[in-house]
Amino acid sequence: PLGTVKPHGQMVLMAPDTGAGDLLVDESLARRAGVQPLTGQSLVMWDGSRVAVRNAVVRRLEIGDLRIEKVPAGILPLRKWSNQINALSGQVAGVVGPVSGVIGVNLLRRFTPTLDYARRRLELAPLAAGTEVAPGAARVPFEIWGENEIMLYGTLAGSRRMALLPATGLPGAGIGAPSEVMDEIGVKRGGVSRMMKGAGSFLGGRPWYEVGVPGVSVG
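Cut-offs used in this document
- Residues numbered from 1 in each chain as written.
- Predicted model: local features only at pLDDT ≥ 70, side-chain atom pairs only at ≥ 80, totals over all residues.
- Heavy atoms only, no water.
- Helix = DSSP H or I, 4+ residues; strand = E, 2+ residues; numbered from the N terminus.
- Contact = heavy atoms within 4.5 Å.
- Polar contact = N/O pair within 3.5 Å; in protein donor to acceptor, adjacent residues only side chain to side chain.
- Pairing = 2+ DSSP bridges.
- Phe/Tyr/Trp six-rings, centres within 6.5 Å; stacked < 30°, edge-to-face > 60°.
- Lys NZ or Arg CZ within 6 Å of the ring centre and 35° of its normal.

Asker: Please provide a residue-by-residue account of the side chain of S100, values included.
Answerer: For S100, the location among the structural elements is in strand 7 (residues 99-103). In this structure, S100 is in contact with V12, L13, M14, L24, V25, D26, L29, R32 and L78, ignoring residues within four places of it in sequence.

So, in structure tokens, the structure goes:
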């Protein structure tokens, strides 16, 4: 999912990602918009692994009609990741260009967020507000591990119950897991997956293989 966001008045595309912690900003946008870097670096969970980011603060961030001040952020190169997803994105609200940032859980949890795929919009309601569940919808309980990692429980291919990290910003796959997990649930790499080796490297910087998982259950 992509949307338009204004850091320091610059209209850019960003992706809300439940697999990220703080706001992540591309290096070129940080320079262009005057994002204030701080001393030091941090390791953050994003895109299936831990990545190093430069600590920073976005003084003013606008999402729709909302204006948020002093948002903690991390600066890192996002060009390769942006190229992966931008081929499918087209344009959003007339904005065409690279995806310049990631909206993480620490920002989303200031509100009661709803990511409505059917209507293609992100709703940010006040924390005190209740949420309505559509008829037939299921509520899936989750936990917060550490400071900001959303974890829920489920199974892959009818296997044992395991903890799963929902990440809306993972491109190119519905599920990402180490080969040991796929071996455990009986999913083997075939001829097609061997051809896919090196087609992507966003999971911990290692080549990934395309496979099919028979079924996924959560909650």
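Asker: How would you sum up the environment of D26? Please name residues and give values.
Answerer: Tracing the backbone through its elements, the reader meets D26 in strand 3 (residues 23-26). In this structure, the C-alpha to C-alpha distance between D26 and V99, residues 73 residues apart in sequence, is 8.4 Å. Sequence-distant contacts of D26, defined by excluding residues within four places in its chain, comprise L76, P77, L78, R79 and S100. One polar contact links D26 to S28, side chain to side chain, over a distance of 2.5 Å.

Asker: Could you give an account of the pairing of strand 5 (residues 49-63), with specific residues and numbers?
Answerer: Bridging between strand 1 (residues 3-7) and strand 5 involves 2 bridges; their strand directions are antiparallel. Paired with K6 across the strands is E62, a residue of strand 5. Across 8 bridges, the pairing between strand 4 (residues 36-46) and strand 5 is antiparallel. Its bridge partner lying in strand 5, W46 is registered against S49. The antiparallel hairpin formed by strand 4 and strand 5 contains 2 residues in its connecting segment, where D47 sits at a positive phi of about 60°. Looking at chain direction, strand 5 and strand 6 (residues 66-76) are connected through 9 bridges and run antiparallel. Paired with I63 across the strands is L66, a residue of strand 6. Count of turn residues in the strand 5/strand 6 antiparallel hairpin: 2 residues, of which G64 carries a positive phi of about 60°.

Asker: Outline the packing of aromatic side chains, supporting the account with residue identities and numerical values.
Answerer: As enumerated under the stated definition, the model contains 1 aromatic pair in all. Above the face of the Y153 ring, R161 is positioned so that its terminal group lies 4.1 Å from the ring centre.

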